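For reference, the chains in residue letters:
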Amino acid sequence: MHENQRAGMFQPHDTALHQPHVGAPRNRVDGRAKVTGAARYAAEYTAPDLAYGHVVSGAIAKGRIRSIDISAAMAVPGVVQVFTHENRPRTAWRSKAYQDEVAPPGTPFRPLYDEKILYSGQPVALVVAEDSEIARYAASLVRVTYEEEKHETDLAKVRAQAYKPPKTRSGMAPPAPRGDAEAGFGAAPVKVDESYRIAIEHHNPMELHASTVVWEGGGRITVYDKIQGVQNTQSYITHVFGLSKDDVHVKSPFVGGAFGSGLRPQYQLFLAVMAALELKRSVRVMLTRDQMFTFTYRPDALQDMAIAANPDGELQAIRHDVIGNTSTFEDYQESIVSWSAMMYHCDNVATTYKLAQTDTYTPGDMRAPGAPTGMFALESAMDELSYRLGMDPLQLRLKNYAEINEGDGKPFTSKELRAAYQLGAERFGWARRNPKPRSMKEGRELIGWGMASGMWEAQMQKTTARATLTIDGKLEVGTATADIGTGTYTILTQIAADALGLPMEKVTALVGDSKLPFSPVEGGSWAAASAGTAVHLACNTVREQLFKYARGMDGSPLANAEIGRVAFRNGRMELISDPSRFVTIQDAMRAGAVDRIEAEETGSPSRITQLRYAAYTHSAIFAEVRVDEELGRIRVTRIVDAVAAGRILNPKTARSQILGGVVFGIGMALTEESMMDHHLGRFMNHNYAEYHIPVNADVHDIDVIFVEEHEDKINPIGVKGLGEIGIVGTAAAIANAVFHATGKRVRHLPITVDRLLEMEDAD
Ligand code: MOS
């Protein structure tokens, strides 16, 4: 544990004296590489003898393969091999070997394991050929016959079989009840008791899931994988295929979006590695867009939400009961109900969280897993309650503001949600809102203003980074995390540049390589806090060493100085009180007779902070919608999202994170829905034409405000994370705005034209 973490409180580091880069809106250091195409993604790496794999997807939702005929495919010139469950090479037989770093409890899916079909779209064969067109064509010639069994893919139909997960996924235990929610609800005069549902959504990153496995000879492979954690991929491969770490080098320097779909190694990785090892040649497997709908997704959830208040708006009871869907082989769990126990002051709270199995692939983490789901119910119910009370929705939130974490009684490390409500409301013009639904109109459009709150965990994970300073004045920092488009390269560069007083151009940040120091998967909005802290600590050690050399020089101008009195800037160490007294980096290193200084440090979350405090980010979202009543068309014309998330390392990349999250929320509210044909047990709209992601025409003004939030308990850099808070609460704010515009409450997302016009839920 690092020295300054023992106290559980962090003193602002002396670099605070001179930080030209941290906190400034710097451009992305990888921006040029990305727009010029120099940045390469998993499916863009090649090798001299590269073979191409195409996946054959299964056609039924449940049953077994009766026969699989590969002869026609094998007869196509250029086909190298067709792998099926009948001829695949041996891999680990213990299901535990397939459990990756973020696997939920259960038995992970094992591709081509046996004849059993567990879900529609399951890979049943891999055709490997000399080029991708041949592989794709030959894949169409693989003939599979099935023995079908009755399947069930509708969560509502298996509701009666819901169960409490026998094994809790780490950190996902629902909160303990407090007070008496039944009695509190019964006694309170103003109530809301409704059911809410969201749609299953698929992650749909631009970059298709792909793995290029380069055969290096002698059983060694280099793997370019679309993944949010290269070391997760590496350990999955070593366990499943019985290889040593030295034989498996995984790289993923660029990731074209993931949103959680790249947290777990996906089946194309298994198939590509299997084929490469067996054929002893390089193999690439890239999924098609429709195959992107054959693995993880945000699960369905049936939510019952009951809240009640006394006439002046004080909450008297919150009850939140949820059944989420999982697969038949893993118990996927996410935090849907915990927010209801934390968000507001309320003495009587009870929540339950159960799972029910559907014949689908296992759902997985998707941007803020559970939070936009649960907060859609809670923040819709709060909105409904405000109308029943005749109270402004924002006032109702302020009335029940949680000063401490209501879930466990701990104080927050910091919480500037009140300021977020205020600044957001001011910027939006909330005070000008006519509270009456259907009261605001322009032309043929009804205008609605709605708001909601958001909350997400501010986590940090143990992470190691290395920093290497060379005598040419260049600094390299690295850790095995990923940059999935969030700006990790850039913020690590800023932190490192400021620590040593170098321009950003002199700093190179490295991520996405399994040979770099340990990092967990990039996810949970923890990468900036975790990798950032590790880089900060490693650079500090380099600073200290450098300073020792400088002070030890013969006749050093800094002979009696303390490091806290010295600024690292412009490639030198200067006495703050007298900048004419300085030592350059080069002179210090020469004095120390070294041409490089290297340090590796590990940042861990402070145990004391974890025990004593609750750490969360918060947001206040205000939305304006315009609804064409005749057509039922909804436009989200304005969003103001005020976010309190500790220290903002780079307002430019930070804003982009919130913009992305808000757009995600617009999709969740209005357009995104993976439509299951329950008769076939298959998602039918597996393409961009029919799975509707908000496009430019759907996205209007989004105003992001970062509320000043002093954070000194969570980690030495004061960072809380921003990847996920942008989506939390956004769908609820839009749904609340739709109600304000139309007087119609839609409790089943997305709010499509049919749901708005008919107000009847087909389900
Ligand atoms: Mo995030 S859903 O942890 O990638």
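Along each chain, numbering runs from 1 in the same order as the chain's sequence is written. Owing to the predicted nature of the model, reporting of local features is limited to residues with pLDDT of at least 70; listing and counting of side-chain atom pairs is limited to 80 or more, with chain, interface and lining totals taken over all residues. Here the side-chain values reflect all heavy atoms present in the structure, with hydrogen atoms and water set aside.

Points about unusual backbone geometry
Cis geometry is found at the peptide bond from L749 to P750, where omega equals -5°. Mapped onto the elements of the fold, P750 is located in the loop between helix 16 (730-742) and helix 17 (753-758). Positive phi values are uncommon outside glycine, yet S525 reaches one of about 60°. Summarising the element assignment, S525 is placed in the loop between strand 19 (507-510) and helix 12 (527-552). Phi at A593 takes a positive value of approximately 55°, unusual for a residue other than glycine. Secondary structure elements follow DSSP: runs of H or I of four or more residues count as helices, runs of E of two or more count as strands, with numbering from the N terminus.

Brief notes about the environment of T541
Residue position: T541 is located in helix 12. To sort residues, take the accessible area from a 1.4 Å probe on protein chains only and compare it with the maximum for the residue type: under 20% means buried, over 50% means exposed, and anything in between is partly exposed. Given the relative accessible area of 24%, T541 is considered partly exposed. Taking the C-alpha atoms as reference, T541 lies 43 Å from M375; in sequence the two are 166 residues apart. Contact between two residues is taken to exist if any of their heavy atoms lie within 4.5 Å; hydrogens are not considered. The residues contacting T541, other than those within four sequence positions of it, are A599 and E601.

A few points about the domain arrangement of the protein
Interface size is commonly expressed as the accessible area that is lost once the parts come together. Here the protein is partitioned into domain 1 (31-39 + 460-604) and domain 2 (412-458 + 606-763). Boundaries of every domain are those given by an automatic assignment or by a domain database. Taken over C-alpha atoms, the centre of domain 1 sits 37 Å from the centre of domain 2. Facing the 17 residues of domain 1 at the interface are 18 residues of domain 2. Counting each side, the surface lost to burial between domain 1 and domain 2 is near 1,200 Å², with a carbon and sulfur contribution of 58%. Summed over the three residues of domain 1 that lose the most area to domain 2, namely M460, T486 and S525, the buried surface amounts to 36% of that side. What gets called buried area is simply the loss in accessible area from a 1.4 Å probe that two parts show on being joined, summed for both.

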